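A look at the structure
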Amino acid sequence: MARSGKKAAARGNGSATSNRPALPGQVVMVLQGGGALGAYQVGVYQALHEAGIEPDWVIGTSVGAINGALIAGNAPERRLERLHAFWERVEQRAGVGIPEFIPGFGSTIANLTTMTRGLAPFFTPNPASWLGPHFPVGVEGAAYYTTDPLRETLAELVDFDYINGRHVRLTVGAVNVRDGEMRYFDSRGEAICVEHVMASGALPPAFPAVRVDGEPYWDGGIYSNTPIEAVLDDKPRQDSVIFATHMWNPEGPEPETLWQVMGRQKDIQYASRAKSHIARQKQMISRRTVSGRAVRRATTRRGASSNARHGMRRSIRSKGSSSMTPEPAPARWPWESTVSPVGPSSSSLAVDAAEAQ
């Protein structure tokens, strides 16, 4: 069981590389969940790496958390090697001799093999599931597969000491099974270990919950599959260049077959909500801008009011008799003045107040 109370090393995240192209802010990679589609994220990172761009912050959910750990948990020169090593291990080949003249036959055999035998470096069948869906086995046993092999694979390919050295910030999202709340485990404020990454990828009912600090967690994709909101809501706010890999398309044609319906349902369920998150940020910025203008106007008007009151006092003292004219009472705004005009000073007071407005 992981404990996240331990603080990570107290040094800054820093820039991932000193010779990358000049960019207007920190570089953030947002990696969503998508199972085997996570292999595409390797190509995205490779393109950035070849362009001389290394991330300052990687935030991921589900398989995106695994890829994120492989990136943040290795030095730049070893990241591609470790990413390829992981995906080559979990690749399921159909095998030699499978008839190629039947479309889809090979992939069907590969899928059946995965379902019955699992993927040795990632997950294997869980004997507890054979007891039936109603047999009480506990939240850490209630799954079709066990992910103990993944623990060994990540321990071999990810240097968690390197992550906690804070060379690159790593954040992984998981949802609490008890209260349904999303939690982001962040290397900026706590030590990250293998359980945090496994919790982020514990998609039920295939994979069991993983405990962190005594609480059971499931795959963060159940709650938010693309955790871009965690970047936009980060404190303190700073300029960021965000690279988000979208593996599910929120827009698409009307499905016409059951197969297309199932595919479209997954697209909608797991697609990025980037548009709505960005729209919310624009609204927040607009509100802050309006509030700031209102504060500046109020400050200006208060200053004008103060100047007007001082001007009234000077005018009364110079034009009226000091023995006959009382000291004016303070007024918050020029038009709230309680001074009673005396003789020729009445027009002067009116002009002063009007000019102050």
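Data block above holds the structure.
Below you will find a few notes about this structure. These numbers come from a predicted model, not from an experiment. (Residues numbered from 1 in each chain as written. Predicted model: local features only at pLDDT ≥ 70, side-chain atom pairs only at ≥ 80, totals over all residues. Heavy atoms only, no water.)

Some remarks on the overall build of the protein
Where we set the bar: Secondary structure follows DSSP: runs of H or I at least 4 residues long count as helices, runs of E at least 2 residues long count as strands, and numbering of each begins at the N terminus. Classification of residues uses two cut-offs on accessible area relative to the type maximum, computed with a 1.4 Å probe and protein chains only: under 20% is buried, over 50% is exposed, and between them is partly exposed. Here, residues are in contact when the closest pair of their heavy atoms is within 4.5 Å. Calculation of accessible area relied on Shrake-Rupley with a 1.4 Å probe; when residues are assessed, cover is drawn exclusively from the protein chains displayed.
Helices and strands together make up the secondary structure of the protein, namely 11 helices and 9 strands. Counting every position in the protein, which comprises 357 residues, the buried fraction comes to 41%. Taking the intrachain contacts of the protein between residues at least 6 apart in sequence as the baseline, contacts between residues at least 24 apart amount to 70%. If you sum the accessible surface of the protein, you get close to 19,900 Å²; carbon and sulfur atoms cover 57% of it.

Comments concerning helix H5 (residues 148-157)
Here is the rule: The arc under discussion is defined with respect to the helix axis, by the directions toward the C-beta atoms.
Among the residues of H5, Pro149, Leu150, Thr153, Leu154 and Leu157 are the ones counted as buried. Along H5, the residues classed as buried sweep out an arc of 130° about the axis, all on the same side. Seen from the open side of H5, the exposed residues pointing more than 90 degrees away from its buried face are Glu152 and Ala155. Packed against the buried residues of H5 are helix H2 (63-72), helix H3 (76-89), strand S3 (124-125), strand S4 (145-146), helix H6 (160-164) and helix H7 (194-200).

Description of a positive patch on the surface
The criterion, for reference: Patch building starts from residues that exceed 30% relative accessible area and form no salt bridge, then joins like charges within 9 Å and nonpolar side chains (Val, Leu, Ile, Met, Phe, Trp, Tyr) within 5 Å. Here, a salt bridge means any Lys or Arg side-chain nitrogen found within 4 Å of an Asp or Glu carboxyl oxygen. Positive charges are assigned to Lys and Arg, negative charges to Asp and Glu, while His and the chain termini are left out of the count. In this description, the location of a charge corresponds to atom NZ of lysine, CZ of arginine, CG of aspartate or CD of glutamate.
On the surface, a cluster of positive charge is made up of Arg293, Arg296, Arg297 and Arg301. Looking at arginine 296, the relative accessible area reads 53%, which means it is exposed.

Quick look at the packing of aromatic side chains
We apply this condition: Side-chain rings of Phe, Tyr and Trp, where Trp is taken by its six-membered ring, are said to pair if the distance between their centres is within 6.5 Å; with planes under 30 degrees apart they count as stacked, over 60 as edge-to-face, and otherwise as tilted. When the NZ atom of lysine or the CZ atom of arginine is within 6 Å of a ring's centre and also within 35 degrees of its normal, the charge is said to sit over that ring.
Within this structure, the stated rule accounts for 7 aromatic pairs. Seen from their ring centres, phenylalanine 123 and phenylalanine 207 are 5.1 Å apart, and the 50° between their planes marks the pair as tilted. Taken together, the residues span a long stretch of sequence, with phenylalanine 123 in the loop between helix H4 (105-117) and S3 and phenylalanine 207 in the loop between H7 and strand S7 (210-212) at a distance of 84 residues. Classification of phenylalanine 123 as buried rests on a relative accessible area of 9%. Three or more aromatic residues joined by ring pairs form one cluster here, namely Phe86, Trp87, Phe122, Phe123, Tyr145 and Phe207. One residue, arginine 169, lies across the ring of tryptophan 57, its end atom 3.6 Å from the ring centre.

Some details on the packing of H3 against H5
Each pair of packed helices can be described by the angle between their axes along with the distance between the axes. This is how the line gets drawn: Only C-alpha atoms enter the line fits that serve as axes; for helices the fit covers just the stretch in contact. Angles between N-to-C directions range over 0 to 180 degrees. Reported orientations rely on four angle classes, namely roughly parallel under 35 degrees, roughly antiparallel over 145, roughly perpendicular from 65 to 115, and oblique for the rest. When the near helix sits turned anticlockwise from the far one by under a right angle, the crossing is termed left-handed; a clockwise turn instead gives a right-handed crossing. Gly is placed with the polar residues, together with every amino acid not listed as nonpolar (Ala, Val, Leu, Ile, Met, Phe, Trp, Tyr, Cys and Pro) or charged (Asp, Glu, Lys and Arg).
One can describe the packing of H3 onto H5 by two numbers: an axis separation of 11 Å at closest approach and a directional angle of 160°. If you check the angle between H3 and H5, you find them roughly antiparallel. Judged by the sense of rotation from one axis to the other, the crossing of H3 with H5 is right-handed. Residue-level contacts link Arg82, Ala85, Phe86 and Arg89 of H3 to Leu150, Thr153, Glu156 and Leu157 of H5. In terms of residue class, the contact of H3 with H5 is made up of 4 nonpolar, 1 polar and 3 charged.

Regarding the pairing of strand S5 (residues 169-176)
Rule in force here: Here, a strand pair is defined by DSSP locating no fewer than two bridges between the strands.
With 8 of 8 residues buried, S5 lies mostly within the body of the structure. As paired strands, strand S2 (residues 57-61) and S5 are joined by 5 bridges and run parallel to one another. Bridge pairing in S5 places glycine 60 opposite valine 172. Sheet analysis places S5 next to strand S6 (residues 182-186), joined by 5 bridges and oriented antiparallel. Bridging from a neighbouring strand, threonine 171 pairs with aspartate 186 of S6.

Observations regarding the nonpolar core
Nonpolar side chains tend toward joint burial in soluble globular proteins. Using the following cut-off: Only buried residues count toward a nonpolar core. Its members are Ala, Val, Leu, Ile, Met, Phe, Trp, Tyr and Cys residues joined through side-chain atoms within 4.5 Å.
Formed by 45 residues in total, the largest nonpolar core has its most connected members in Ile66, Phe86, Phe122, Leu154 and Leu170. Tallying contributions element by element places H2 first for this core, with 7 residues. Not counting residues up to four positions away in its chain, the partners in contact with isoleucine 66 are Phe86, Phe122, Leu150, Leu154 and Val197. Core analysis: the next-biggest nonpolar cluster, separate from the first, contains 8 residues, Val28, Val30, Trp57 and Ile59 among them.

Read these as layout, nothing more, since geometry by itself doesn't imply function.
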